[in-house]
Amino acid sequence: QPKYLLNWGRDSLRSNPDGTWGHSIIELLKRGTKLINVDPRVNWLSTRSLYYMQLRPNTDTALAFGLLRVLIEEDLYDHEFVEKWCYGFDEFKERVMEYTVDWAAEVTEVPAETIRAVARCLAEKPWGLNMGLANDQNPNGVQSVHCLYALVAITGNLDVPGGQILPGTGAGHNESGFGFEKGVGEELQ
């Protein structure tokens, strides 16, 4: 089970076009997962979040850069995973370091201390990412989604139990990659 669920621009209680059903998020919360919600709109999930990051619309990439900056600057990333699996990390690190947390806070209107606190949560394993159509339809969507998956990767939460499961064709996976292992979903019904 993830320690944290980073729910980015998605209200799965009302809409689930990618197969992430709201009841699974509620079950995770009941079992102790802490929610971090990123959304310009206040919704039910925002009111149940450990951290709610109410960013200005279309500033998602700036917020992701702020989170990445903290993880790299404070040396909170998973060195072993990065060394083994992240090609081009040195160049990526240089690019991320061009943007400060204060810059991200100014652009997004999310307080710098909140960005730092959330990044520190993401340094703890495991955590999962729940995102969807809102990210894809962002004018800077490709870059934004790349940054979000970079957060997952450099923290070593890619394709690990309780972390971000990669989409697959087998039982227990859905299109968003936010899935349970075979059999767990049956227990929730």
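**Focus on the environment of Phe 92**
Along the polypeptide, Phe 92 turns up in helix H5 (residues 89–96). Under the relative-accessibility criterion, Phe 92 is labelled partly exposed at 24%. In the structure, Phe 92 is positioned 58 residues away from Ala 150 in sequence and 9.5 Å away in space, judged by C-alpha atoms. Excluding its chain neighbours within four sequence positions, the residues that come into contact with Phe 92 are Leu 68, Ile 72 and Ala 150.

**Some thoughts on helix H1 (residues 22–30)**
For H1, the complete set of buried residues consists of Gly 22, Ser 24, Ile 25, Glu 27 and Leu 28. Once H1 finishes, Gly 32 follows within two positions and takes phi at roughly 110°, a positive value.

**A look at helix H9 (residues 141–154)**
Look at H9: 20 Å from first C-alpha to last across 14 residues, which is about the 20 Å you get at 1.5 Å a residue. Extensive coverage of H9 is indicated by the burial of 10 of its 14 residues. Of the positions making up H9, those classed as buried are Gly 141, Ser 144, Val 145, Cys 147, Leu 148, Ala 150, Leu 151, Val 152, Ala 153 and Ile 154. With its phi angle positive at about 70°, Gly 156 sits one or two positions after the end of H9.

**A short note on the nonpolar core**
Formed by 39 residues in total, the largest nonpolar core has its most connected members in Trp 8, Met 53, Leu 67 and Ile 115. Taken together, the elements giving at least two residues each to this core come down to strand S1 (4–8), strand S2 (34–38), helix H3 (60–73), H5, helix H6 (101–108), helix H7 (112–122), strand S4 (127–131) and H9. Per-element accounting of this core gives the leading share, eight residues, to H3. Here Met 53 is in contact with Ile 36, Asn 37, Val 38, Asp 39, Leu 63, Leu 67, Val 110, Thr 114, Ile 115 and Val 118, once residues within four sequence places are set aside. Of all hydrophobic cores here, the second largest spans five residues; its members include Leu 5, Ile 25, Leu 28 and Leu 45.

**Things to note about the pattern of salt bridges**
For the coordinates displayed, the defined rule picks out nine salt bridges. For Glu 74, the salt bridge is made with Arg 120, and the minimal N-O distance between the two is 2.8 Å. On the criterion of sequence distance, the pair formed by Glu 74 in the loop between H3 and helix H4 (79–85) and Arg 120 in helix H7 is long-range, its members being 46 residues apart. Among the residues examined, Glu 74 registers a relative accessible area of 30% and is labelled partly exposed. Arg 120 gets classed as partly exposed once you look at its relative accessible area, which sits at 36%. Among the ionic pairs, Glu 113 bridges to Arg 116, the shortest N-O distance being 3.2 Å. Of this pair, Glu 113 and Arg 116 both sit in helix H7, three residues apart, roughly one helical turn.

Criteria and thresholds
Residues numbered from 1 in each chain as written. Predicted model: local features only at pLDDT ≥ 70, side-chain atom pairs only at ≥ 80, totals over all residues. Heavy atoms only, no water. Helix = DSSP H or I, 4+ residues; strand = E, 2+ residues; numbered from the N terminus. Buried < 20%, exposed > 50% of the residue type's maximum accessible area, 1.4 Å probe, protein only. Contact = heavy atoms within 4.5 Å. Expected span 1.5 Å × (residues − 1). Core = buried A, V, L, I, M, F, W, Y, C linked by side-chain atoms within 4.5 Å. Salt bridge = Lys/Arg side-chain N within 4 Å of Asp/Glu carboxyl O.

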